[in-house]
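Breakdown of the fold
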Amino acid sequence: MQKLVNMSDMLKKAVDNHYAVAHININNLEWIKAALMAAQTTNSPIILGVSEGAAKYMCGYKNVVDMVTNCMQNMNITVNIALHLDHGSYDGAIAALKAGFSSVMFDGSSYNFKENIERINKIIELAKATNATVEAEVGTIGGEEDGVIALGEQANVEECAEMSKLSICCLAAGIGNIHGIYPSNWKGLNFELLSKIAEATNHMALVLHGGTNIPNDMIKKAISLGIAKINVNTECQLAFADATRKYIEQKNDLNLTNKGFDPRKLLKPGTEAIKNKIIEKMTVFGSLGKN
C-alpha cells in the first residue's frame, strides 16, 4: 500500500524542473476521491490540504487521516500523496501531526515576527519526530480563510530570508495574491517582489496561496520564478456547486425510477467536476506525469 509522504521530495523536484504541485483543499469524501482520481489518472503528485474548519467538519484530524489512507488503499493509489494542514494554528498543527498528517502549515501571521519564528521552531521539532514537513508564512495572504481576514500585505523580503534559514520545506509569502474570488480591480501578482524573495531565500520552494482564477500566464510566470506549490480551493467548490445545481435543475433528483435522489448519484456530477478542474489546474501547473 502506498503511504502518505511529506512534501520535501515532491517540491524539490518541482523547483528543479520548473513546475508546481497542486495543493487541493479537501472538504469531504467526494473531494478526497476526486483529488486522488485526478492524481492517479495523470500520474501527478498531489497535496491534499485540510483547513482546521474542514477537519472539524470531517470529525477531526484522525478521521481525515483514516479517510484519506483508506481511500488510497481501496483505490489502489500509487502516486505520491501528501496530507497537509492548511493555515494551521499552533495547537492545530500539533494536533494534526499527532494524528498522522505528513505535513503542516503553521500560520503565524497573527504574531509578531519574533514570536512567529519561536513558535514555528517548536512545530519543526515536533514534525521531525514523524518525518513530516512544515510550511511557514511571512506576512499575510489577502482575502478570508476560515474566518481569518487579511488585507494581503506584501511580504517583507528580509523576513523571508530569515525564515528560509529554518528547517522548513516551503515558504508562503504574499505577492498580491488573495484567498477566494479575485475582485475586478485586482492589480495582479507582484513578480518583482517574487523574484527578490526567490533570490533572498536561495530559491527554496515558494507557495502561492489563492490560486483560484489567477490567469494562466501569471501562473506560469510565477512558476518560472520559483513558485512550486499552488493552493486551489474556491475554484473546485464553484465547479462542484455548478455541476450539482445543473443536476437538480434538470430534475434528475426527481427521477424515482432511477433513484436520482440517491446522494451517490446526486453528488456524482459534482465529484466529476472537481476531478476535471484539478486535472485542468495540474495541466497548467505542468505536473502531469511528474510523479
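Residues numbered from 1 in each chain as written. Predicted model: local features only at pLDDT ≥ 70, side-chain atom pairs only at ≥ 80, totals over all residues. Heavy atoms only, no water.

**Looking at the overall build of the protein chain**
To keep it simple, the criterion reads: Counting from the N terminus, the helices are DSSP H or I runs at least four residues long and the strands are E runs at least two residues long. In this description the radius of gyration comes from C-alpha coordinates, and the expected globular size is given by 2.2 Å times residues to the power 0.38. Relative accessibility under 20% of the residue-type maximum defines a buried residue, over 50% an exposed one, and the middle range a partly exposed one, all with a 1.4 Å probe and only protein chains included. In what follows, residue pairs with any heavy atoms lying within 4.5 Å of each other are defined as contacts. Computed by Shrake-Rupley with a 1.4 Å probe, the accessible areas treat only the displayed protein chains as cover when residues are assessed. Positive charges come from Lys and Arg alone, negative charges from Asp and Glu alone, with His and the N- and C-terminal ends not counted. In this description, the location of a charge corresponds to atom NZ of lysine, CZ of arginine, CG of aspartate or CD of glutamate.
Of regular secondary structure, the protein chain possesses twelve helices and ten strands. For 291 residues, the compact-globule formula gives about 19 Å, and the C-alpha radius of gyration of the protein chain, at 19 Å, lands near that figure. Taken along its principal axes, the extent of the C-alpha atoms in the protein chain is 65 × 45 × 35 Å. Buried residues in the protein chain amount to 55% of all 291 residues. Residue pairs at least 24 apart in sequence account for 73% of intrachain contacts in the protein chain once pairs closer than 6 positions are excluded. Summed over all atoms, the accessible surface of the protein chain reaches about 13200 Å², with 51% contributed by carbon and sulfur. Charge separation in the protein chain, taken as the distance between the mean sites of 28 positive and 30 negative side-chain charges, equals 7 Å.

**Re the environment of Ile 94**
Mapping Ile 94 onto the fold places it in helix α5 (residues 90–99). Along the chain, Ile 94 and Val 104 lie ten residues apart, while their C-alpha atoms are 8.7 Å from each other. Once you skip the residues sitting within four places of it in the chain, Ile 94 turns out to touch Ile 123 and Leu 126.

**Digging into the sheet that holds strand β9 (residues 206–208)**
In plain terms, the rule: Strands pair, by our definition, only if DSSP identifies at least two bridges between them. Fitting a line to C-alpha atoms yields each axis, with helices limited to the stretch in contact; the angle taken between N-to-C directions then spans 0 to 180 degrees.
What the eight strands build is a closed barrel, ordered β1-β2-β3-β4-β5-β8-β9-β10; its pairing is parallel. Each adjacent strand pair in this sheet contributes to an overall mean axis angle of 25°, direction not counted. Relative to strand β4 (residues 103–106), strand β3 (residues 81–88) runs parallel, the two being bridged by three bridges. In the strand pairing of β4, Gly 88 is matched with Phe 106. Sheet strands touched by helix α2 (residues 29–42): β1 (21–25), β2 (46–51) and β3. Its angle to β2, the strand with the most contacts, is close to 165°.

**Examining the state of the cysteines**
Rules: For this text, the term disulfide refers to a pair of cysteine sulfurs within 2.5 Å.
Considering all chains together, one arrives at zero disulfides under this definition. Cysteine Cys 59 shares no disulfide, and the gap to the nearest cysteine sulfur, in Cys 71, comes to 14 Å. Of all cysteine sulfurs in the structure, the one in Cys 71 sits closest to Cys 236, which takes part in no disulfide; the separation is 16 Å. Given the relative accessible area of 0%, Cys 236 is considered buried.

**A few points about the packing of aromatic side chains**
Let me state the cut-off plainly: Classification of ring pairs uses Phe, Tyr and Trp, with its six-membered ring standing for Trp, and accepts pairs whose centres are within 6.5 Å; under 30 degrees between planes counts as stacked, over 60 as edge-to-face, and the remaining range as tilted.
Taken as a whole and judged by the stated rule, the model has four aromatic pairs. A ring pair is formed by Trp 31 and Phe 240, whose centres lie 4.9 Å apart and whose planes are at 45°; its orientation type is tilted. On the criterion of sequence distance, the pair formed by Trp 31 in helix α2 and Phe 240 in helix α10 (residues 234–249) is long-range, its members being 209 residues apart. Both residues of the pair, Trp 31 and Phe 240, count as buried. Summarising the aromatic geometry, the rings of Tyr 90 and Phe 106 are spaced 6.2 Å apart at their centres and angled 80° between planes, so their arrangement reads as edge-to-face. In this pair, Tyr 90 is assigned in helix α5 and Phe 106 in strand β4, connecting sequence segments 16 residues apart.

**Overview of unusual backbone geometry**
One non-glycine residue, Asn 43, lies in the positive phi region at around 55°. For Asn 43, the position within the fold is in the loop between α2 and β2. Relative accessible area serves as the criterion here: at 36%, Asn 43 is assigned to the partly exposed category.

**Quick notes on the packing of α2 against helix α12 (residues 268–285)**
The line we're drawing: Roughly parallel means an angle under 35 degrees; roughly antiparallel means over 145; roughly perpendicular covers 65 to 115; every other angle is labelled oblique. Left-handed describes a crossing in which the near helix is turned anticlockwise from the far one by less than a right angle; the clockwise case is right-handed.
Put simply, α2 and α12 touch, their axes get as near as 8 Å, and they point 45° apart. Taken together, the axes of α2 and α12 lie oblique to each other. In the crossing of α2 with α12, the sense of the turn from one axis to the other is right-handed. Within the contact between the two elements, α2 uses Glu 30, Trp 31, Ala 34, Ala 35, Met 37, Ala 38, Ala 39 and Thr 42 and α12 uses Thr 271, Ile 274, Lys 275, Ile 278, Ile 279 and Met 282.

**Focus: the confidence of the model for the protein chain**
Under the convention used in this document: What pLDDT conveys is the predictor's confidence in a given residue, as a value from 0 to 100.
In this model, the protein chain carries a mean pLDDT of 91, and residues with pLDDT of at least 70 account for 92%. Contacts for the low-pLDDT stretch residues 144–151, under 50 throughout, to residues beyond four places or in other chains number 17 contacts.

**Quick notes on the nonpolar core**
Defined as follows: Among buried residues, those of type Ala, Val, Leu, Ile, Met, Phe, Trp, Tyr and Cys that are joined through side-chain atoms within 4.5 Å constitute a nonpolar core.
Among the nonpolar cores identified, the biggest contains 80 residues, and Ile 26, Met 163 and Ile 168 are the most heavily contacted of them. Aside from chain neighbours lying at most four places away, what touches Ile 26 is Trp 31, Ile 32, Leu 48, Gly 49, Val 50, Ala 54, Met 58, Val 64, Val 68 and Leu 83. Membership of the second largest hydrophobic core comes to 15 residues, among which are Met 10, Ala 14, Ala 82 and Cys 169.

**Some words on the packing of α10 against α12**
Defined as follows: When residue character is reported, Ala, Val, Leu, Ile, Met, Phe, Trp, Tyr, Cys and Pro are called nonpolar, Asp, Glu, Lys and Arg charged, and the others, Gly included, polar.
The contact between α10 and α12 brings their axes to 8 Å, and the two run at 145°. As α10 packs across α12, the resulting crossing turns out to be right-handed. Counted together, Glu 235, Cys 236, Ala 239, Phe 240, Ala 243, Thr 244 and Tyr 247 of α10 and Pro 269, Gly 270, Thr 271, Ala 273, Ile 274, Lys 277, Ile 278, Glu 280 and Lys 281 of α12 form the full contact between these two elements. When the residues that make up the contact of α10 with α12 are grouped by side-chain class, the tally is nine nonpolar, three polar and four charged.

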